[in-house]
Amino acid sequence: MHFSEVPRFKFQASSRPRSLLTVEQVLQAPKITAQLMKFMCSPTSDGAACCIIASEDFVHAHGLENQAIEIVAQGLETDDPAAYDTKSAMEVAGYGMSKRCADNVFKDAGFADGEGRDLVGVVELHDCFSANELITYPALGLCAPDEAHKMVERGDNTYGGKYVVNPSGSLEAKGHALGATDLAPGLFDIPDKRGKFGLVHNIGIGGAVVVSLLHRPEFYKAGGIDGQARLGYNHTYECWPVTLADIDKVKSKKSSKFESVESR
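- The name given to the protein in an unreviewed UniProt entry is Thiolase C-terminal domain-containing protein, with Suillus fuscotomentosus as the source organism.

This is the structure we're talking about:
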């Protein structure tokens, strides 16, 4: 099969990506650890992500008011000695640095301790394993410590609940493209024209975590041409393979014939 013939994979914009797996298949899958089955772990994959940072003047000059997102606050934290000295599995998985980072980001955004989470509508977090998602809920302050399971039971992590977590499908659905994950948040429509906050969390276990708080800007204007219209598809929920025609559009004037051969 030529690479150009590989089918396009589409994720549903109105819900989490559709799955071909049943609950029974997940529970009967091979065990990776004593607690995790195969399908509770994300597969390592290749991928890339790009976020264009622009000034407000640039946004106005190019008529991008309908799709501009403001970075309200952003922070980076690294592991501290507790990740190793306490022999805590949660610390090794990044709980402590995720909590510190989230707390600092909300503080930088002007919220008092523990406040601001109720104004978050959508969250993209690093769910490399199903257990990590449960650890990250309290770390980000979305629920009280030891109550992540109650949050799930209430349906507060999906549509119709308090938050929508990983509407893109995140790592469990899209694969774990190292270093290119968690860059697909969307914001809800509410009476405030700016919508609710979007919260983004990305982590490298045994290293660092980045948390970003996003918001529509004050000058947001509905309507207009968005990225989907320019590209011809919704690039947040669809994955299109690179075709030979795509290569022809971007390859240099002097190129090797093997470029096309290797792309088949």
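Let us keep going from here.
1. Quick look at the pairing of strand β7 (residues 197–204)
Step number 1: Of all eight residues that make up β7, six are buried, and the element is covered over most of its length.
Step number 2: Of the strand pairs in this sheet, strand β4 (residues 120–124) and β7 are connected by four bridges, and their pairing is parallel. Residue pairing for β7: Val-122 is matched across the bridge by Gly-198.
Step number 3: Sheet topology places β7 next to strand β8 (residues 208–215); seven bridges connect them, and they run antiparallel. Directly across from Gly-198, in β8, lies its bridge partner Leu-214.
Step number 4: Counting the residues between successive antiparallel strands, the hairpin from β7 to β8 contains three residues, one of them, Gly-206, with a positive phi of roughly 80°.

2. Considerations on helix α5 (residues 95–108)
Step number 1: In this model α5 runs 20 Å from its N-terminal to its C-terminal C-alpha over 14 residues, within 8% of the 20 Å that 1.5 Å per residue would give.
Step number 2: Tyr-95, Gly-96, Met-97, Ser-98, Cys-101, Ala-102, Val-105 and Phe-106 are the residues of α5 that are buried.
Step number 3: Where α5 is buried, its residues contact β3 (70–78), α4 (89–92), β4, α6 (130–139), β7 and β8.

3. Let's talk about the nonpolar core
Step number 1: Counting 24 residues, the largest nonpolar core has Val-120, Val-123, Tyr-137, Leu-140, Leu-142, Leu-199 and Leu-213 as the members making the most contacts within it.
Step number 2: Breaking this core down by element, the ones donating at least two residues are α5, β4, α7 (148–153), β7 and β8.
Step number 3: Apart from the residues within four sequence positions on either side, Leu-140 is in contact with Ser-98, Ala-102, Arg-117, Val-123, Leu-125, Leu-199, His-201 and Val-211.
Step number 4: In terms of nonpolar packing, the next biggest core, distinct from the first, is built from five residues, Ala-29, Leu-36, Met-40 and Cys-41 among them.

4. As for the pairing of β8
Step number 1: Most of β8 sits inside the fold, with six of its eight residues counted as buried.
Step number 2: One ladder, built from eight bridges, connects β3 with β8; its direction is antiparallel. Within the sheet, the bridge partner assigned to Glu-70 lies in β8 and is His-215.

5. Thoughts on unusual backbone geometry
Step number 1: Even without glycine at this site, Lys-87 takes up a positive phi of about 55°.
Step number 2: Note on placement: Lys-87 falls in the loop between α3 (82–85) and α4.
Step number 3: The exposure class of Lys-87 is exposed, given its relative accessible area of 77%.

6. Section: the packing of α5 against α6
Step number 1: Look at α5 against α6: their axes get within 9 Å of each other, and the N-to-C directions meet at 35°. Taken as a pair, α5 and α6 cross one another with a handedness that is right-handed. Contacts between α5 and α6 involve Tyr-95, Ser-98, Lys-99 and Ala-102 from the former and Ile-135, Pro-138 and Ala-139 from the latter.
Step number 2: Looking at the contact of α5 with α6 residue by residue, the classes come out as five nonpolar, one polar and one charged.

7. Things to note about the pattern of salt bridges
Step number 1: One pass over the structure, following the stated rule, counts seven salt bridges.
Step number 2: When the shortest N-O distance is used, the salt bridge between Arg-100 and Asp-80 registers 3.2 Å. Here Arg-100 is found in helix α5, whereas its partner Asp-80 is found in the loop between β3 and α3, with 20 residues between them in sequence.
Step number 3: Across the salt bridge formed by Asp-103 and Arg-117, the nearest N and O atoms sit 2.9 Å from each other.

How each quantity is defined
Residues numbered from 1 in each chain as written. Predicted model: local features only at pLDDT ≥ 70, side-chain atom pairs only at ≥ 80, totals over all residues. Heavy atoms only, no water. Buried < 20%, exposed > 50% of the residue type's maximum accessible area, 1.4 Å probe, protein only. Helix = DSSP H or I, 4+ residues; strand = E, 2+ residues; numbered from the N terminus. Pairing = 2+ DSSP bridges. Expected span 1.5 Å × (residues − 1). Contact = heavy atoms within 4.5 Å. Core = buried A, V, L, I, M, F, W, Y, C linked by side-chain atoms within 4.5 Å. Axes fitted to C-alpha atoms, helices over the stretch in contact; angles between N-to-C directions. Left-handed = near helix turned anticlockwise from the far one by under 90°. Nonpolar A, V, L, I, M, F, W, Y, C, P; charged D, E, K, R; others polar. Salt bridge = Lys/Arg side-chain N within 4 Å of Asp/Glu carboxyl O.

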